[in-house]
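Here is what each chain is made of, one letter per residue.
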Amino acid sequence: MRISKRLLAPTCFALLLAPLLVGCGASKPSNEVDMGVAAFQQTSVTIKAGQAVHFVDPASGGTHLICVGQGVRCIPQTGAPAELNNPQGMTFNTGDTRDIVFSTPGTYTVVCIIHPGMQVVVTVTA
Ligand SMILES: [Cu+2]
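Residues numbered from 1 in each chain as written. Predicted model: local features only at pLDDT ≥ 70, side-chain atom pairs only at ≥ 80, totals over all residues.

A. Structural view of the overall build of the protein chain. Counting its regular elements, the protein chain contains 1 helix and 9 strands. When the helices and strands of the protein chain are listed from N to C terminus, the series reads α-β-β-β-β-β-β-β-β-β. Here the protein chain holds 126 residues, and 23% of them are scored as buried. For the protein chain, contacts bridging at least 24 residues in sequence account for 60% of all contacts bridging at least 6. (Helix = DSSP H or I, 4+ residues; strand = E, 2+ residues; numbered from the N terminus. Buried ≥ 20, exposed ≤ 12 C-beta atoms within 10 Å, placed from the backbone. Contact = placed C-beta atoms within 7 Å.)

The structure is reproduced here in structure tokens:
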């Protein structure tokens, strides 16, 4: 009895932990947008009004200046989050993570003004 209990505890712990470890690499939140060296890893993301896009610039990413715009230009758009709605853009360095809330339904193209072609379309539903 005493021996079996001793064996049981670590076994249970391992069984509890296994799905958590698998879950780590398997799926990302649907509101996550990851950055590479010169591109977003996603081309589009859909959220509901009031929710945030989770921007991640991992260690393997780079320096980015992102904003709502077109090409390599920031173009303010009514309803876009204030952080992304300015001519300077918002700086991301490797290791940075930010949640940016979109309050107004619409379609917003988020670009990086350093890297041509680096863009992700954010669709905000009501
Ligand atoms: Cu960039």
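Next, the rest of the story.
B. Main features of the sheet that holds strand β3 (residues 52-56). Here we have 3 strands laid out as an open sheet, ordered β1-β3-β7, and mixed in their pairing. With one partner strand each, in any of the chains shown, β1 (32-34) and β7 (97-101) form the two edges of the open sheet. Taken over all neighbouring pairs, the strand axes of this sheet differ in orientation by 25 degrees on average, direction set aside. Here β3 runs beside β7; their pairing, made up of 5 bridges, is antiparallel. (Pairing = 2+ DSSP bridges. Axes fitted to C-alpha atoms, helices over the stretch in contact; angles between N-to-C directions.)

C. Spatial organisation of the confidence of the model for the protein chain. For the protein chain, the average pLDDT comes to 87, and 79% of its residues sit at 70 or higher. Taken as a whole, residues 10-23 scores under 50 in pLDDT and shows 0 contacts with residues more than four places along the chain or in a different chain. (pLDDT = per-residue confidence, 0-100.)

D. Focus on the nonpolar core. With 22 residues, the main nonpolar core has I66, V68, Y108, V110 and V122 as its most contacted residues. Of all the elements, strand β8 (residues 106-112) adds the most residues to this core, at 4 residues. (Core = buried A, V, L, I, M, F, W, Y, C linked by C-beta atoms within 7 Å.)

E. Quick peek at the pairing of β3. Side chains V53 and F55 project from β3 onto a buried face, and the interleaved A52, H54 and V56 project onto a face without burial. Relative to β3, β1 runs parallel, the two being bridged by 3 bridges. By the bridge assignment, V33 is partnered in β3 with F55.

F. The arrangement of the pairing of strand β9 (residues 119-125) in detail. Of the two faces of β9, the one holding V120, V122 and V124 is buried and the one holding Q119, V121, T123 and T125 is not buried anywhere. Relative to β9, strand β2 (residues 44-48) runs parallel, the two being bridged by 5 bridges. Looking across to β9, one finds that T46 is bridged to T123. Bridge count for β8 against β9 is 6 bridges, and the pairing is antiparallel. Its bridge partner being in β9, G106 is matched across the sheet by V124. Here β8 folds back onto β9 in antiparallel fashion, the turn holding 6 residues, of which G117 has a positive phi close to 85 degrees.

G. Inspection of the environment of G106 at higher detail. For G106, the location among the structural elements is in strand β8. In this structure G106 comes out as partly exposed when scored by C-beta crowding, with 15 C-beta atoms within 10 Å. G106 sits 57 residues away from A49 along the chain, and the two C-alpha atoms are 8.7 Å apart. When residues no more than four places from it in sequence are discounted, the contact partners of G106 are G79 and V124.

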